[in-house]
Structures are given as structure tokens and as C-alpha cells.
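Chain by chain, the residues:
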Amino acid sequence: MQAKVTISSPFEKDIILKLFSDQKFFFANFTPFTIINEESENVFYVYGEFYSLFSAFDVEARVRKYISSYVITYILIVQPGLIQGSYDNLIDRSFKGVSPKGNGKIVISMSQGSIEITIDYEGDKEKAIVNFIVKRMNKQIKNFDKIIQLERIKRHI
């Protein structure tokens, strides 16, 4: 399943590229995932608790980042058991649905005055996962200028 989110942006491409290529900034502000472990600068693991109308389930993924001049691509390999949790976390998981398996990517492309984010995922629970990510992004887009401006001040960009 594929979905697109478009953001109109008054900010320069290089600023958006710098901020969105920082996985800590992008995943914390625009996705329902939390970065758990970083293997290297371009490979890391994310975790998210997803809720659909009838179930709750955990999503664990290994993510690889690719950056070019105007495009940032995050490739996700989703499968259970990637992240080792504590015993308490395993007890909580027993009440949740089965964790999904699949492959996906988040592509962020920039053009003059806009940012297009494409979420593409194929695998178990694809509709629930894509819709949950899009819902989180749409919620954050309402405060997009404020989020970017605060990060620019924080980083002195």
C-alpha cells in the first residue's frame, strides 16, 4: 500500500534536507516510531506501538538511510524479534496481536516550495501501518513551520 503526504514549505531545500536526513529528528517528530538502537550512522532500529480499530500490535524494523541531492530514502525491514526487550515488555506483548512482517520505505523528495513524503509498505497489516504513519504525519504538519523553526534555533541553522 502506498500513501503520499505533501507539505508546502517556505524553508530552503538544504535546511529541510539537513533536518529530515537526521533520523532522530524525522522519526521523533513525523512518525509514530522511536529509535531504539543505532548500528551505524545509516542503519538503525525503530519500534512503534500501533493501534487499529480492533487490535494493538508492536512494529519493529531495521532501517537503512540513503541520501541524495534532493531525496532521502528510509528503507524498512519489518519483522518481530529485532529488538530485545526486557521481561516486563515481553509480558505486555502477550496481550497484543502478532507483530507484522514486511518491507517498506519512506521517500522524502523536495521540490520548489514543497516536500513530498511517500510511504510505501507491503506485508502484514499494511493498511493499518500506512494509515497510522500518515495520521501521525498529518497531525504534525499542522505545526510544521513551528517544528522546523524551533529545530533551526536549537541547531543554530
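*Asks:* Got a sec to walk through the overall build of the chain? Specific residues and values, please.
*Replies:* Summing up its helical and strand segments, the chain has 5 helices and 7 strands in all. Compactness check: the chain gives a C-alpha radius of gyration of 16 Å against a globular reference of 15 Å for 157 residues, within 12% of the reference. Considered along the principal axes of its C-alpha atoms, the chain spans approximately 45 × 30 × 25 Å. Within the span of the chain, comprising 157 residues, buried residues form 41% of the whole. By sequence separation, contacts in the chain at least 24 residues apart represent 58% of the contacts at least 6 residues apart. Side-chain charges of the chain comprise 21 positive and 18 negative groups, with the mean position of each set lying 3 Å from the other.

*Asks:* Can you break down helix 4 (residues 126–141) residue by residue, with the values?
*Replies:* If you check helix 4, its first and last C-alpha atoms are 22 Å apart, about what 16 residues at 1.5 Å a residue would give, namely 22 Å. Among the residues of helix 4, those classed as buried are I129, V130, I133, V134, M137 and Q140. The buried residues of helix 4 occupy an angular sector of 125° when the element is viewed end-on, so they sit on one face. Exposed and oriented more than 90 degrees from the buried face of helix 4 are K127, K135 and K139. Close packing links the buried residues of helix 4 with strand 1 (2–8), helix 2 (23–30), strand 3 (43–51), strand 4 (56–67), strand 7 (114–123) and helix 5 (144–155).

*Asks:* I'd like a rundown of the pattern of salt bridges, residues and numbers included.
*Replies:* Applying the stated criterion to the full structure yields 5 salt bridges. For K24, the salt bridge identified is with E38, shortest N-O distance 3.3 Å. Residue K24 is located in helix 2, and its partner E38 is located in strand 2 (residues 34–38); the two are separated by 14 residues in the primary sequence. Overall, the relative accessible area of 35% leaves E38 in the partly exposed class. R155 is the salt-bridge partner of E151, the closest N and O atoms lying 2.7 Å from each other. Here E151 and its partner R155 are both found in helix 5, 4 residues apart, which amounts to about one turn of the helix.

*Asks:* Help me get a handle on unusual backbone geometry, residues and values and all.
*Replies:* The phi dihedral of K125 is positive, around 55°, even though this residue is not glycine. Tracing the chain through its elements places K125 in the loop between strand 7 and helix 4.

*Asks:* Kindly report on the environment of R155, identifying the contributing residues and their values.
*Replies:* Accessibility expressed as a relative area gives 28% for R155, which makes it partly exposed. As for R155 and L19, which are separated by 136 residues in sequence, their C-alpha atoms are 9.7 Å apart. Dropping the residues within four chain positions of it, R155 is found in contact with K18, L19, D22 and F25. Looking at R155, its side chain comes within polar contact range of the side chain of D22, at 2.3 Å.

Cut-offs used in this document
Residues numbered from 1 in each chain as written. Predicted model: local features only at pLDDT ≥ 70, side-chain atom pairs only at ≥ 80, totals over all residues. Heavy atoms only, no water. Helix = DSSP H or I, 4+ residues; strand = E, 2+ residues; numbered from the N terminus. Rg over C-alpha atoms; globule rule 2.2 N^0.38 Å. Buried < 20%, exposed > 50% of the residue type's maximum accessible area, 1.4 Å probe, protein only. Contact = heavy atoms within 4.5 Å. Lys, Arg positive; Asp, Glu negative; His and termini not counted. Charge placed at Lys NZ, Arg CZ, Asp CG, Glu CD. Expected span 1.5 Å × (residues − 1). Arc of directions from axis to C-beta. Salt bridge = Lys/Arg side-chain N within 4 Å of Asp/Glu carboxyl O. Polar contact = N/O pair within 3.5 Å; in protein donor to acceptor, adjacent residues only side chain to side chain.

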